[in-house]
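The residues making up each chain are set out below.
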Amino acid sequence: MQDTSPFQVESLTPEPGAARLVMAGELDFTTADDASAEVAKRLAEGVDVLELDLAGLTFIDSSGMAVVMNAYSEAEERGTVFRIVALTPYLRHLLQVVALDDVLDLPG
């Protein structure tokens, strides 16, 4: 039996008008709705900046990737700055393979 990390999302306020969602565990089809709901909640609050910290993710599937891309799209529609502030080397590679590194501004 595989040991899996439960999904968690913590919302921080790194500065006024900004929300940082720190995600950890597995972002997949079973947890994507929870992540999407948190994104929607923060955007509905009218934040100026939405940041995702993905460094704690141990797994992401296409549903999880859709959460990230939908967050980006929804932020763009609202005029909200969207940033990924941290990610794993694996996730960076995955974003590069699917050419999303050209769309998303990835941290250095």
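For the structure itself, consult the block above.
This one's a predicted model, so the numbers in the text were calculated from it and none came from an experiment.

**Student:** Hey, could you run me through the nonpolar core in this one?
**Tutor:** The nonpolar side chains of a soluble globular protein tend to be buried, and buried together. One finds Met23, Leu54, Phe82, Leu91 and Leu104 to be the most contacted residues of the largest nonpolar core, which totals 30 residues. Where this core is concerned, the elements lending two or more residues are strand S2 (18–27), helix H1 (32–44), strand S3 (49–60), helix H2 (62–78), strand S4 (81–86) and helix H3 (89–97). Element by element, the count of residues in this core is highest for H2, at 6 residues. Not counting chain neighbours up to four residues away, the residues in contact with Phe82 comprise Leu50, Leu52, Val68, Ala71, Tyr72, Ala75 and Leu104.

**Student:** I'm lost on the pattern of salt bridges in this one. Help?
**Tutor:** Side chains bearing opposite charge may pair, as long as their charged atoms lie close to each other. Under the counting rule described, the total for this entry stands at 4 salt bridges. For Arg83, the salt bridge is made with Glu51, and the minimal N-O distance between the two is 2.8 Å. Of the two residues, Arg83 sits in strand S4 while Glu51 sits in strand S3, which places them 32 residues apart along the sequence. Judged by relative accessible area, Arg83 falls into the partly exposed class, the value being 31%. A network of salt bridges, in which partner residues are shared, links Arg20, Glu51 and Arg83.

**Student:** Looking at this model, I keep getting lost on the packing of aromatic side chains. Mind explaining?
**Tutor:** Aromatic ring pairs: the centre-centre distance and the angle between the two ring planes describe each pair. The tally for this structure, following the rule as stated, stands at 1 aromatic pair. Seen in terms of ring centroids, Tyr72 and Phe82 are 5.8 Å apart; in terms of plane orientation they differ by 75°. Their pairing is edge-to-face. In this pair, Tyr72 sits in helix H2 while Phe82 sits in strand S4, placing the two residues 10 residues apart along the sequence.

**Student:** I keep staring at the sheet that holds S3 and nothing clicks. Help me out?
**Tutor:** Note on sheets: strands pair through backbone hydrogen bonds, and any given pair is parallel or antiparallel. Spatially, S1-S2-S3-S4 is the arrangement adopted by the 4 strands of the open sheet, whose pairing is mixed. At either margin of the open sheet sits one strand with a lone partner, and together these are strand S1 (8–12) and S4. Within the sheet, the average angular offset between the axes of one strand and its neighbour, ignoring direction, is 20°. Pairing between S3 and S4: 5 bridges, direction parallel. Bridging across to S4, Leu50 finds its partner in Phe82. Packed onto the sheet, H1 meets S1, S2 and S3 and runs at close to 180° relative to S2.

Reading the values: the criteria
- Residues numbered from 1 in each chain as written.
- Predicted model: local features only at pLDDT ≥ 70, side-chain atom pairs only at ≥ 80, totals over all residues.
- Heavy atoms only, no water.
- Core = buried A, V, L, I, M, F, W, Y, C linked by side-chain atoms within 4.5 Å.
- Buried < 20%, exposed > 50% of the residue type's maximum accessible area, 1.4 Å probe, protein only.
- Helix = DSSP H or I, 4+ residues; strand = E, 2+ residues; numbered from the N terminus.
- Contact = heavy atoms within 4.5 Å.
- Salt bridge = Lys/Arg side-chain N within 4 Å of Asp/Glu carboxyl O.
- Phe/Tyr/Trp six-rings, centres within 6.5 Å; stacked < 30°, edge-to-face > 60°.
- Pairing = 2+ DSSP bridges.
- Axes fitted to C-alpha atoms, helices over the stretch in contact; angles between N-to-C directions.

Everything listed is a geometric property; what it means functionally is a separate question.
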